Amino acid sequence: MRGQLKFVDGKTGNWGFIVPEDGSADLHFVQKDVGGEPLTRQDAGVEVEFELEESATGRRAKKVRK
């Protein structure tokens, strides 16, 4: 899937949210699931690709990359 980076937490930098291009609800991600360089606050708005993981606890983005 594709989407835009909404933001990365400004306090820890360890997590953030992605706005999927299909219009579905924003998805949470953690930096350990980002391939390559970590995403930063300055990356807000950049296009990212990711895999959607759905579980009993909800949906989240995995294997995130610019």
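Before any of the text, the structure's been laid out above.
Visitor: I would appreciate a short explanation of the overall build of the chain in the present structure.
Guide: The helix and strand tally for the chain stands at zero helices and five strands. Helices (α) and strands (β) of the chain occur, in sequence order from the N terminus, as β-β-β-β-β. The dimensions of the chain, computed from C-alpha atoms along their principal axes, are 30 × 20 × 20 Å. Out of the 66 residues in the chain, the part that is buried amounts to 29%. Of the accessible surface of the chain, which amounts to about 4,200 Å², a share of 48% is contributed by carbon and sulfur atoms. Across the chain, the 11 positively charged side chains and the 12 negatively charged ones have centroids separated by 5 Å.

Visitor: I keep staring at the nonpolar core and nothing clicks. Help me out?
Guide: For soluble globular proteins, nonpolar side chains are generally found buried alongside one another. Listed in full, the eleven residues of the largest apolar core are Leu 5, Val 8, Ile 18, Leu 27, Phe 29, Val 34, Leu 39, Val 48, Phe 50, Ala 61 and Val 64. Breaking this core down by element, the ones donating at least two residues are β1 (2–8), β3 (27–30), β4 (47–55) and β5 (58–65). Contacts of Val 34, omitting those with residues within four sequence positions, involve Phe 29, Leu 39 and Val 64.

Visitor: Help me understand the packing of aromatic side chains in this model?
Guide: Note on aromatic pairs: each is described by the distance of the centres and the angle between the planes. With the rule as written, the count across this model stands at three aromatic pairs. With a centroid separation of 5.9 Å and 75° between ring planes, the pair formed by Phe 7 and Trp 15 is classed as edge-to-face. Accessibility expressed as a relative area gives 32% for Phe 7, which makes it partly exposed. By relative accessible area, which is 28% here, Trp 15 ends up partly exposed. Ring plane angle 90° and centroid distance 6.0 Å describe the contact between Trp 15 and Phe 17, whose orientation is recorded as edge-to-face. Taken together, the aromatic side chains of Phe 7, Trp 15 and Phe 17 make up a single cluster linked through ring pairs.

Rules used in this analysis
Residues numbered from 1 in each chain as written. Predicted model: local features only at pLDDT ≥ 70, side-chain atom pairs only at ≥ 80, totals over all residues. Heavy atoms only, no water. Helix = DSSP H or I, 4+ residues; strand = E, 2+ residues; numbered from the N terminus. Buried < 20%, exposed > 50% of the residue type's maximum accessible area, 1.4 Å probe, protein only. Areas by Shrake-Rupley, 256 points an atom, 1.4 Å probe, with all protein chains shown as cover. Lys, Arg positive; Asp, Glu negative; His and termini not counted. Charge placed at Lys NZ, Arg CZ, Asp CG, Glu CD. Core = buried A, V, L, I, M, F, W, Y, C linked by side-chain atoms within 4.5 Å. Contact = heavy atoms within 4.5 Å. Phe/Tyr/Trp six-rings, centres within 6.5 Å; stacked < 30°, edge-to-face > 60°.

By themselves, these observations are geometric and do not establish any function.
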